[in-house]
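# A structural walkthrough
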Amino acid sequence: MAKAVSARKKAASAPGSTGARKKAVKTPGPTSVRKEAGTPPLAIRLHAPGMTPLLRAGAGGLAASLRFLLLQEQPSAPWPSEVRLGPGSARVEPTAIHLDWGGAAPEETLQALFQGAFRLTRPEGFIDLPGTRRPGKPPPNPEVGAALQDALKQTFLQHGQTTRGGTPRTLTFTVDDRELLVRTQGYASFVHQEAWEDVVRALRQGTTPLAGWAYPGASERHIGLGVTKVEYTAEEALCACFAPVGCLTFKLPQLRGGAFVALAPTDLVRFAEVRPRLTPQRLEDVSMAGVSDAVLAVQLAFKLESGGRHRELLSAAEAVALRPLPWNQKQKVRCAVVRPGTLADAVLDRYAEASAALPNRLRVLKTEGGPGRGTKGKQPEEAPGFFIATSALRAFITENLAAGRPWHAGFATATTEEGRFIHYYRTRDNLGALLSEEKKGLIAMHPYLEQAEQWLVQSVHAALRQRLGRIAEETENSPLATRHNRMDTERERLRLRFAGAKTHEQVREALADLWSRAGTNRELQAHWQDILFLLRPEHWRTARDLALVALASYQGRGAESAGEAPVAAEPADAE
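Residues numbered from 1 in each chain as written. Predicted model: local features only at pLDDT ≥ 70, side-chain atom pairs only at ≥ 80, totals over all residues. Heavy atoms only, no water.

Attention now moves to unusual backbone geometry. Omega for the bond connecting Trp79 with Pro80 falls within 30 degrees of zero, at 5 degrees, which places this linkage in the cis form. Tracing the backbone through its elements, the reader meets Pro80 in the loop between α3 (53-73) and β2 (83-85). Even without a glycine there, the phi angle at Arg256 is positive, about 55 degrees. With respect to the helices and strands, the residue Arg256 is situated in the loop between β13 (248-252) and β14 (257-265). (Helix = DSSP H or I, 4+ residues; strand = E, 2+ residues; numbered from the N terminus.)

So this is what it looks like as structure tokens:
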């Protein structure tokens, strides 16, 4: 019996036998495509089926990277021109990108492309995406580069295995003759540098799966059920790899997460020219108050850099927020998606006004031993750290603008993530979120109210001025603290009256009470017919919001300005 088995083994291994032929066939590896198969050129169509806004943004990122590589080698070359990539080449058209392998294996061309498009700065080890900066320009300053890398780590590269060789880095930079400290990570490599292997696998197999770094928020819906698995063709995989270049990533301090904005271009050639000019150049601009703030900021920048052609050059704009949620604190998952489309100029003008009046601010952290440490000349370990403070009011206004609502809609009931009320000035022991410095943001938005809404706000201002002026007269000979307390009490009484109004009748009663107590009101007398429209039952919520806007934005004159807005408490760890 043993001899028979041995004979069969010898027959199977004899030359010309079926077993020998099967053994001689070598299965190509995951990163190789047999040259004899004659892989056809790859054509990425901007409007092909399955091209989502993120993938179209990735196609724009690929075009921007190719433009950088072209002008790096040939600074005077016209755009678009053929871009040499090892043995192959690439050519960009307004709605397509063509890759030719030059008669060689595709991996040789793709490896040259990825090597030039995904880099690391030296000696810091920060992630550098050349397609996001202008040709001939160096990478951003180390502190800005660290912030941009942190934004990537909050979104596309949040998983620990997407970056390798992390080395802690400590940097210092100077702001107003003061040294500040940056603690971040430098890396030896990141996943996109070797992602060309996934594209080659898709060329060989037809499709390939990619992890969450390729499309944050996309995942297999039902484990074990193949039809719900996320897989990509070679064209889609290549676009997904370049999505971090075509998208803009931001940090969201209020949500302890990040956001990315995908701009779907209609013209890849023009988008490749505009994209490098959209990258934030200031540390404060890498952080956003919310996901709506991010998409509005990017669209405004695109409008300015494209000469007002943003509605022509963009077919869609999509912003995605990722943050830890109660059921998963270790991973940032998709929690919000904003798709406002291409916004009208009027909306972007409102946003420009709000963002200018409510800017992000760099706050210096307290150091051990008290404030004032970390001046120029100190050692890096003695320099203080910092954080970027964003405005809750700005987040509220931009959320309304992106949703197509009036900027003040819901002002009476809006709260922050911590449950603080947007309409209420913040002190150390209350539930307010509004900072005293944000009053000018409310005032800056008044011109964007409808005419009747402006008359209502002005009539409340006039009534409040008369009420506080009367209190100032009554307390003329009293201690200053007494005057402050009476004014604060009156303002708080009015705020609670309007904020607590839950019906049309309660809002009308609160307004009537304020106007009657104040006395003669010229604004009300001159425009009562316009204001009456807002007191109808269908508009009572708008009237309530506007009354609270008027209370929060009131600026006193003379004695009645005392105590008009409490000084907001700074965060406990800020100077």
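Our focus in this paragraph is the pairing of β13. For β13, the tally of buried residues reaches 4 of 5 residues, placing the bulk of the element in the interior. Strand direction decides the pairing type here: β13 and β14, joined by 5 bridges, are antiparallel. From the neighbouring strand, Lys251 faces β14, where its bridge partner is Gly258. Taken together, β13 and the strand that follows it, β14, pair antiparallel across an intervening segment of 4 residues, in which Arg256 is found at a positive phi of about 55 degrees. (Buried < 20%, exposed > 50% of the residue type's maximum accessible area, 1.4 Å probe, protein only. Pairing = 2+ DSSP bridges.)

Counting buried residues along strand β9 (residues 179-186), 6 of its 8 residues qualify, which places the element largely inside the surrounding structure. Two elements, strand β8 (residues 167-174) and β9, share 8 bridges in a ladder whose sense is antiparallel. Paired with Pro168 across the two strands is Gln185, which belongs to β9. The hairpin formed by β8 and β9 contains 4 residues between the paired strands, and Asp176 there has a positive phi angle of roughly 55 degrees.

Compared with an ideal rise of 1.5 Å per residue, which puts 21 residues at 30 Å, α3 spans 31 Å between its outermost C-alpha atoms and is within 8% of the ideal. Across the 21 residues of α3, 19 count as buried, placing the element largely inside the fold. (Expected span 1.5 Å × (residues − 1).)

Looking now at the sheet that holds strand β4 (residues 96-100). The antiparallel open sheet is built from 4 strands, whose spatial order is β1-β4-β3-β2. The two strands at the open ends of the sheet, each matched to only one other strand, are β1 (42-45) and β2. Direction aside, neighbouring strands of the sheet carry axes that sit 20 degrees apart on average. Across 3 bridges, the pairing between β2 and strand β3 (residues 88-93) is antiparallel. Within β3, the position partnered with Val83 by the bridge is Ala90. (Axes fitted to C-alpha atoms, helices over the stretch in contact; angles between N-to-C directions.)

Now for the nonpolar core. Counting residues in each nonpolar core, the largest one holds 82 residues, and the members touching the most others are Leu263, Leu393, Ile397, Phe411, Leu456, Leu511 and Trp515. The element best represented in this core is helix α15 (residues 451-474), accounting for 10 residues. Aside from chain neighbours lying at most four places away, what touches Trp515 is Leu456, Ser459, Val460, Ala463, Asn521, Leu524, Ile531 and Leu535. Membership of the second largest hydrophobic core comes to 65 residues, among which are Met51, Ala90, Leu110 and Ala214. (Core = buried A, V, L, I, M, F, W, Y, C linked by side-chain atoms within 4.5 Å. Contact = heavy atoms within 4.5 Å.)

So, about the confidence of the model for the protein. Predicted confidence across the protein gives a mean pLDDT of 86, with 87% of residues reaching 70 or more. For residues 1-37, every residue scores under 50 in pLDDT, and the model assigns this stretch 28 contacts once sequence neighbours within four places are set aside. For the stretch residues 370-380, pLDDT sits under 50, and the model shows 23 contacts to residues farther than four places along the chain or on other chains. (pLDDT = per-residue confidence, 0-100.)

In space, the 4 strands of this open sheet follow the order β13-β14-β15-β16, with antiparallel pairing throughout. For this open sheet the edge positions go to β13 and β16 (328-338), each flanked by a neighbour on one side alone. Mean inter-strand twist for the sheet, computed between neighbouring axes without regard to direction, equals 20 degrees. Relative to strand β15 (residues 314-325), β14 runs antiparallel, the two sharing 8 bridges. Across the sheet, residue Leu263 finds its bridge partner in β15, namely Ala317. Each of β14 and β15 is contacted by α3, which is oriented at about 75 degrees to β14, the strand it contacts most.

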